[in-house]
Amino acid sequence: MSDIDKVRIIVVGDSGVGKTSLVHLIANNEALTSPGWTIGCAVEVKLHEYKEGTPSQCAYCIELWDIGGSISHKNTRGVFYNPVHGIILVYDLTNRKSHENLQQWIAEILNKEGKDVGKGGELEFDPEQFLGYTQIPILVIATKADMVDDTQKKKSNKKILSIAEQCGAEEICLNCHDPKSLAAGLSDSVKLSRFFDKVIEKKFYTRDTGGILEKRKYTSPYFSGFDNK
Ligand SMILES: Nc1nc2c(ncn2[C@@H]2O[C@H](COP(=O)(O)OP(=O)(O)OP(=O)(O)O)[C@@H](O)[C@H]2O)c(=O)[nH]1
């Protein structure tokens, strides 16, 4: 895959929400029955057809960086946050706190050097700053959809919308143990594919004065839409 352009997408969320299971499902189209605890980071790759079925179709390599969610590694995770071309925020539908904590994850990515720390020692999340400053494409994914009934999903969806809306992001609810969750043609699969297209576009394409997308002549491997320093 060395000649194929690539993007780095980081996958973050609390420990145990299902990041490793999700990444495995996306990269291999199969369920991972017994994932191990991720220490540091694990990377899986997926070949993605940008704008599939159109004249602009082109293959790109998507690197999915599964960042271990353990609180004990919080201070060392910053090394994985540069460059970042896209972010998948993951939470567990059966664990409301894991959704609330996504704000902390965003703040951590944005302020990896510990700036903007609030009174309680927690990083402060400013969605406007995040959107305006970084413009990094974000996707929110809720896991363990098989463990909640539809009423609970609707309740959770209201909560999901708050973070997804604040970030201008799409959202997906799925069961990582079911390989059919992301079967081709399903709306969730289309959302995921569009998200990958968006990440690729942000890194490799620019709009000319007529609004037409054209590929940049040179793209720094570190370009991510924000400096992240
Ligand atoms: N029922 C169900 N279980 C899931 C789902 N996704 C993940 N799990 C289970 O949740 C547990 C934790 O999953 P992991 O993928 O290891 O979670 P993680 O977020 O990578 O955890 P860390 O490595 O600690 O950051 C495992 O037992 C998974 O099998 C899902 O959609 N449904």
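If you check an unreviewed UniProt entry, the protein appears there as Rab-like protein 3 from Pseudolycoriella hygida. Listed under Sequence similarities (unreviewed entry) in UniProt, the entry text for the protein is "Belongs to the small GTPase superfamily. Rab family." Database annotation for the protein, UniProt heading Function (unreviewed entry): "Required for KRAS signaling regulation and modulation of cell proliferation. Regulator of KRAS prenylation, and probably prenylation of other small GTPases. Required for lymphocyte development and function. Not required for myeloid cell development."

A. Here's a closer look at the overall build of the protein. Scanning the protein from terminus to terminus reveals six helices and eight strands. Ordered by position from the N terminus, the helices and strands of the protein form the series β-α-β-β-β-α-α-α-β-α-β-α-β-β. Here the protein holds 229 residues, and 36% of them are scored as buried. A sequence separation of at least 24 residues applies to 67% of the contacts in the protein between residues at least 6 apart.

B. Structural detail: unusual backbone geometry. Geometrically, the link from N82 to P83 is a cis peptide bond, its omega value of 5° lying close to zero. Although it is not a glycine, N29 adopts a positive phi angle of roughly 55°. Its place among the elements puts N29 in the loop between helix 1 (19-28) and strand 2 (41-50). The partly exposed category is assigned to N29, around which 13 C-beta atoms lie within 10 Å. The phi angle at K144 is positive, at roughly 65°, despite the residue not being glycine.

C. Representation of the site of the ligand. Close to the ligand lie 20 residues; S15, G18, T20, T38 and G69 are nearest. Looking at which element gives the most residues to the shell around the ligand, the answer is helix 1, with three residues. Residue composition of the shell around the ligand, by class: five nonpolar, twelve polar and three charged.

D. Region of interest: the nonpolar core. I9, I10, V11, I87, L89, V90 and I141 are the most contacted members of the largest nonpolar core, which has 51 residues in total. With six residues, the top contributor of residues to this core is helix 3 (residues 102-110).

E. View of the sheet that holds strand 5 (residues 138-143). If you walk across this open sheet you meet the six strands as 2-3-1-4-5-6, and the pairing is mixed. Each edge of the open sheet is held by one strand with a lone partner, namely strand 2 and strand 6 (170-173). The average angle at which neighbouring strand axes cross in this sheet is 25°, direction not considered. The sheet strands contacting helix 6 (residues 187-204) are strand 1 (6-12), strand 2, strand 3 (58-67), strand 4 (86-92), strand 5 and strand 6, and the helix crosses strand 6 at an angle near 145°.

F. Here's a closer look at the environment of C41. You can see C41 is positioned in strand 2. Note: C-alpha distance between C41 and I106 (65 residues apart in sequence) is 17 Å. Setting aside residues up to four positions removed in sequence, C41 forms contacts with W65, D66, I67, G68 and F80.

G. A look at the pairing of strand 5. Across the six residues that make up strand 5, a large majority, six, are buried. Burial along strand 5 is two-sided: the face carrying I138, V140 and A142 and the face carrying L139, I141 and T143 are both buried. Bridge analysis of strand 4 against strand 5 gives six bridges, and the strand direction is parallel. Looking at the pairing, I88 lines up with L139 of strand 5. Both strand 5 and strand 6 contribute to a ladder of four bridges, which runs parallel. Bridged to A142 within strand 6 is C173.

H. Highlighting helix 3. When you tally the buried positions in helix 3, you get eight out of nine residues, the bulk of the element. Listing the buried residues of helix 3 in full gives L102, Q103, W105, I106, A107, E108, I109 and L110.

I. Summary view of the confidence of the model for the protein. The predicted model of the protein averages 83 in pLDDT, with 79% of residues at 70 or higher. Contacts from residues 113-119, a stretch scored under 50 in pLDDT, to residues over four places away or in other chains number five contacts. Scoring of the predicted complex yields 0.87 for pTM and 0.99 for ipTM.

Calculation notes
- Residues numbered from 1 in each chain as written.
- Predicted model: local features only at pLDDT ≥ 70, side-chain atom pairs only at ≥ 80, totals over all residues.
- UniProt positions renumbered as here; feature names shortened; annotations may be inferred.
- Helix = DSSP H or I, 4+ residues; strand = E, 2+ residues; numbered from the N terminus.
- Buried ≥ 20, exposed ≤ 12 C-beta atoms within 10 Å, placed from the backbone.
- Contact = placed C-beta atoms within 7 Å.
- Near = placed C-beta within 6 Å.
- Nonpolar A, V, L, I, M, F, W, Y, C, P; charged D, E, K, R; others polar.
- Core = buried A, V, L, I, M, F, W, Y, C linked by C-beta atoms within 7 Å.
- Pairing = 2+ DSSP bridges.
- Axes fitted to C-alpha atoms, helices over the stretch in contact; angles between N-to-C directions.
- pLDDT = per-residue confidence, 0-100.

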